[in-house]
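Descriptive structure summary
So the chains spell out like this:
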Amino acid sequence: MAGSTIVAVKQALVTDFTALSGMSNVSVSYAHPGERGGKEIVYCGNVRSGEHDPVALRAGRRLREENYDLDIHVVVSGTKLTEDGSETRALELGKLVEEHIADNPKLGVTNVSFAVISAIELETLSTSNGPLTQLILTVSVKARLL
């Protein structure tokens, strides 16, 4: 594929989430941080679809429309939490993410027409180290490329 906004969108989200006041004690990263992560993590995950369609069929250079879904993972864990407390905290962080994207639908990225939260998934596991909650926010992105 000749061009895509995927990397620029992920970079913008990481930069923006790191600057949010409610994320000061949260590990925000471009990809899963592995052992570097703490008890609260936000990171960019899988990208799906990546459709590139011509905007119009005509002679000469054609614009392409790019459509894809990007998963943003919010992970909360800890021995001092209950299962519902862990889910509540994950949803609080998820709300910060969702409100930021709603207020900045173009994400400050050239060629992005809009980004919007289109789905969520929430799962909590009980582990010997306390509950582990993962909230996945699916961000649908539409962009226009040359």
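Refer to the structure printed above.
Residues numbered from 1 in each chain as written. Predicted model: local features only at pLDDT ≥ 70, side-chain atom pairs only at ≥ 80, totals over all residues. Heavy atoms only, no water.

1. Notes on the nonpolar core
What counts here: Here, nonpolar core refers to any group of buried Ala, Val, Leu, Ile, Met, Phe, Trp, Tyr and Cys residues whose side-chain atoms link them within 4.5 Å. Relative accessible area decides the class of each residue, using a 1.4 Å probe on protein chains only: under 20% of the type maximum gives buried, over 50% gives exposed, and in between gives partly exposed. In DSSP terms, a helix is any run of H or I states spanning at least four residues, a strand is any run of E spanning at least two, and both are numbered starting from the N terminus. Throughout, a residue-residue contact means that at least one pair of heavy atoms, one from each residue, lies within 4.5 Å.
Within the largest apolar cluster, 29 residues are counted, with the highest numbers of intra-cluster contacts made by Val9, Leu13, Phe17, Met23, Val42, Ile72 and Ile101. At the level of secondary structure, the elements contributing two or more residues to this core comprise helix H1 (6-19), strand E2 (40-54), strand E3 (64-77), helix H2 (83-103), strand E4 (112-127) and strand E5 (130-145). Valine 9 has contacts with Tyr68, Leu70, Leu107, Val109, Val112 and Val141, leaving out every residue within four places of it along the chain.

2. Some words on the pattern of salt bridges
For side chains bearing opposite charge, pairing can occur when the charged atoms are close. Counted only if it meets this: Basic side-chain nitrogens of Lys or Arg form a salt bridge, by our definition, when they fall within 4 Å of a carboxyl oxygen of Asp or Glu.
Per the stated rule, a full pass over the model turns up six salt bridges. In this structure, a network of salt bridges that share partners links the residues Glu40, Arg89 and Glu92.

3. Some details on H2
Rules: For a helix, the expected span equals 1.5 Å multiplied by the residue count minus one. Throughout, the arc means that of the directions going from the helix axis to the C-beta atoms.
Over its 21 residues, H2 extends 30 Å from the first C-alpha to the last, a length consistent with the 30 Å expected when each residue adds 1.5 Å. Among the residues of H2, Ser86, Ala90, Leu93, Gly94, Val97, His100 and Ile101 are the ones counted as buried. Seen along its axis, H2 keeps its buried residues to an arc of 115°; they face one direction. Facing away from the buried surface of H2 by more than 90 degrees, the exposed residues are Asp84, Ala102 and Asp103.

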